[in-house]
Amino acid sequence: MFYKKTHNKFLVTVSSALPTVLWICLVLWLSSCSNTRYLQQGQKLYTGSKIQMEKTAEITSNEAKDLQEQMDELLRPVPNSSFLGMRIKLYIYNKTKTNKTKGLKHWLNQKFGEPPVLVNDVNLAKNSEILQGYLQNNSYFQALASGNLDTTAKKGKAIYEIIPGPSYHIASVSFPKPVDSLTTAIKRATRRSILRKGKKYNLDDIKNERVRIDNRLKNKGFYFFTPEDLLVKVDSTIGHHQVDMDVTVKPETPAKAEKIYKIDSIFVYPGYSLRDTGRHKSLMEPYGWYNVVDPHHTIKPYAFKNTVLMHPGDTYSRSLHNNSINRMINLGPYKFVKNKFVQHEEDSAKLDVYYYLTPYKGKSLQLELQGRTTSANFMGSQININWKNRNAFKGAEAFTVSLFGSTDIQMGGSSKGNNVYQAGIKTGISWPRFISPFDFKSDNAYIPHTNLSLGYSLNKRIHLYTLNSFTGSFGYQWRENAKRSHELNLLNITYVNPTGISEAYADSVAHSQNPTLAHVIDKQFTFGPSYSYTVTNTAQSYKRSTYYYNAAIDLSANLYGIIAGANAREGNVKKLFGQEFNQYIKIENEFRYFRRISRKSKLAARILAGVGIPYGNSTILPYSKQFFIGGSNSLRGFRARSLGPGTYNVADAYAGSDFFPDQSGDIKIEGTVEYRPHLFGFVEGAVFTDFGNIWLFNSNEGQPGAVFNGHFLNQMAADVGVGLRFDLTVLVLRLDLGMPIRKPWKAKGDRWVFDEIDFGSNSWRKDNLIFNIAIGYPF
């Protein structure tokens, strides 16, 4: 009786709450079923292929899965795209057929429609040959592939039967004996050979080995050598499904490919255009070890000191060659770099180097318009005006000035009418070198930068307060390599001065036991260094697993506060330039992990941990340096900045109030796990769960339960949700719908709230379903 009642109630609830989007999907699915009625007599719609591979003891399930995925990508034609069984693009094509060459129907037909892919377009023999060739190139020399069609009256799919046979492994690899400079260099290059005894035969490995050896030779001066000058002979007749490999230099290799070349003279042309055909050496200006040909004096010769990495007399090196080009592009003023090596004299073993640089326009003006919405019911817009001089002082210095203005209007909620307006200016200079008494030398592909920035912003919250913020910084950015980068600011200065505090807000501060309201309008004065270190391999998209890690430390007034003997707890608060200063240490860590599950889906995970330790002249971090949680890039099942700290609940504390203060903390732990499947076309999906919270370092009476303690794991919040990502090339539009499943402010034992979920309740949906619209991925 109880089960029946609950079951009926559940059915009624779901039926009454069925979202409109589900009805739309149902209609589209039913409509897509009629796609085959547009086919002509005898035509059949091609619905895809299936690869059936014979199981063998040699091939693991993961290897078989990878092989099938890779072979599936080789098959042609590709069937019409589908989503949940719906061929929406084909449906649009069929519904918008027209003889007109203009108009909405024609535009939809050509831009969004997709003509039917037919069974007659499938060449089984050709596809079988391609699959068999692929397997043979991947060690399965005796592989067999055959295909047949599985058809109905209007549809058909291709079935490919694969018999891989035994795989062949490498028994031995031999290289040329060192008898001259070339063969000696090849022998030395074999220490990290891709071709190793015991590995499976792979044609791509052979090609890559030739390229690898060529790269090693290029760094040893063999400028004219090519991968095609190497020959790899494979003998598969030795038995036991093994092969012998013999790497040799082709007899017809030209003599100049066997020579080691050195650098003679170096020339840089900073104002090159396609109309320039002469070398104008009579106009060159020597500087150090290179010559600059710049008759219009567009840039000072010393600007290339960190970009010309090769010197006269050096043995040619491809690494230094490529790194020099990358540095010239990263210098800033140049959009194209053309490089040319010419033999100094005929039959000589010396090379002259020419760098032809095509500049951007020196100055640019950019206008940006942005729109946004947040889970706190704010709708916002922003305008940015950016001016840039790429060669401000003729030393490749980038000088920028940015003006911005924004509005955030709250469309609903308890603080409706407290809209936010911002305006400001930021200026900066970036030098493409280290400006330091110490000499930092590096020959990698990345040019270091010295940065100086100054800024001012005004943040006005209507009817409440105005914050005037002044910022400045000086420091360095550099990269060790493609994975590791550093940012060191020797000095960061922030000064925030509140003005225009309304009487209503002042009364709220005076009558509130929560110090957050007062902390928002505290004066802030921070000064000190900061350092950030990042290591990542996410650019290597071919890897199945990639990662990103960032660690940062931010310091303020540490040495000065200690010398001055500041102790805010005992009332001994010190000042600098007549202003109380903030003293703290703040450390942050973020780790991201990405795992490709299949060709069309991946798993993404992130964990963040940060702690700010106020001491000496401070008992709490300055508001601008504190941590926040919740919102579109954080816990998406909670409104922005509404969660925590700890078990404190601002909604309970301010029930019936006209204004809820943003919640902030000194300590933060946050994590996310997200599954990202590719759905169709430019649309991706997401299923996610987020967890985390913030805490205070020191307790206060106004926020009970907010201080960090040993029970922090039991104070975690959690949510789950789903989302869509639209990859529009220029940007990724993200839609996420999240809901809380764990609320830390509830009593112990009641914090998991699965039993409260009621999609049929309007009040539950209003309080718990959080819809986020954002640009870009959350991480």
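Our subject is the structure that appears above.
Not measured: the values here are computed from a predicted model. (Residues numbered from 1 in each chain as written. Predicted model: local features only at pLDDT ≥ 70, side-chain atom pairs only at ≥ 80, totals over all residues. Heavy atoms only, no water.)

## A short note on the overall build of the chain
At step 1: Of the regular secondary structure elements, the chain holds 14 helices and 29 strands.
At step 2: Looking at the chain as a whole, 41% of its 779 residues qualify as buried.
At step 3: Positive and negative side-chain charges of the chain, numbering 96 and 65 respectively, have mean locations separated by a distance of 4 Å. (Helix = DSSP H or I, 4+ residues; strand = E, 2+ residues; numbered from the N terminus. Buried < 20%, exposed > 50% of the residue type's maximum accessible area, 1.4 Å probe, protein only. Lys, Arg positive; Asp, Glu negative; His and termini not counted. Charge placed at Lys NZ, Arg CZ, Asp CG, Glu CD.)

## A short note on the pattern of salt bridges
At step 1: This structure, assessed with the given rule, holds 21 salt bridges.
At step 2: With a shortest N-O distance of 4.0 Å, Lys 350 and Asp 264 are connected by a salt bridge. One end of the pair, Lys 350, is in strand β11 (residues 350-359); the other, Asp 264, is in strand β7 (residues 262-269), and 86 residues separate them in sequence.
At step 3: Exposure remark for Asp 264: the relative accessible area of 19% places this residue in the buried category.
At step 4: Across the pair Glu 674 and Arg 725 runs a salt bridge whose closest N-O atoms are separated by 3.2 Å. A residue pair is termed long-range when its members are at least 10 positions apart, and Glu 674 in strand β25 (residues 667-680) and Arg 725 in strand β27 (residues 717-727) qualify at 51 residues.
At step 5: By relative accessible area, Glu 674 is classed as buried at 0%. (Salt bridge = Lys/Arg side-chain N within 4 Å of Asp/Glu carboxyl O.)

## Re the packing of aromatic side chains
At step 1: Evaluated as defined, the whole model comprises 37 aromatic pairs.
At step 2: Between Phe 682 and Phe 726, the aromatic rings sit 6.4 Å apart at their centres with planes inclined by 50°, giving tilted as the arrangement. Within this pair, whereas Phe 682 is found in the loop between β25 and β26 (683-695), its partner Phe 726 is found in strand β27, the two being separated by 44 residues in sequence.
At step 3: Arg 390 extends its terminal NZ or CZ atom over the ring of Tyr 360, reaching a point 4.4 Å from the ring centre.
At step 4: The cationic tip of Arg 592 hangs over the ring face of Tyr 548; the distance from NZ or CZ to the ring centre is 4.4 Å. (Phe/Tyr/Trp six-rings, centres within 6.5 Å; stacked < 30°, edge-to-face > 60°. Lys NZ or Arg CZ within 6 Å of the ring centre and 35° of its normal.)

## As for empty space enclosed by the protein
At step 1: Across all of its chains, the model carries 2 cavities of 30 Å³ or more by this definition.
At step 2: There is about 40 Å³ of room inside the largest cavity.
At step 3: Only β18 (484-499), β19 (524-536) and β20 (545-556) provide two or more residues apiece to the lining of the largest cavity.
At step 4: For the lining of the largest cavity, the class distribution of residues is 3 nonpolar, 5 polar and 2 charged.
At step 5: A volume near 30 Å³ is recorded for the second largest cavity.
At step 6: Along its surface, the second largest cavity is lined by Ser 81, Ser 82, Phe 83, Met 86, Arg 87, Ile 88, Lys 89 and Phe 680. (1 Å grid on protein atoms, 1.4 Å probe; cavity = no way out; pocket = protein on both sides within 12 Å on 5 of 7 lines; lining within 4 Å. Points joined across faces, edges and corners; volume = space filled by probe spheres on them. Nonpolar A, V, L, I, M, F, W, Y, C, P; charged D, E, K, R; others polar.)

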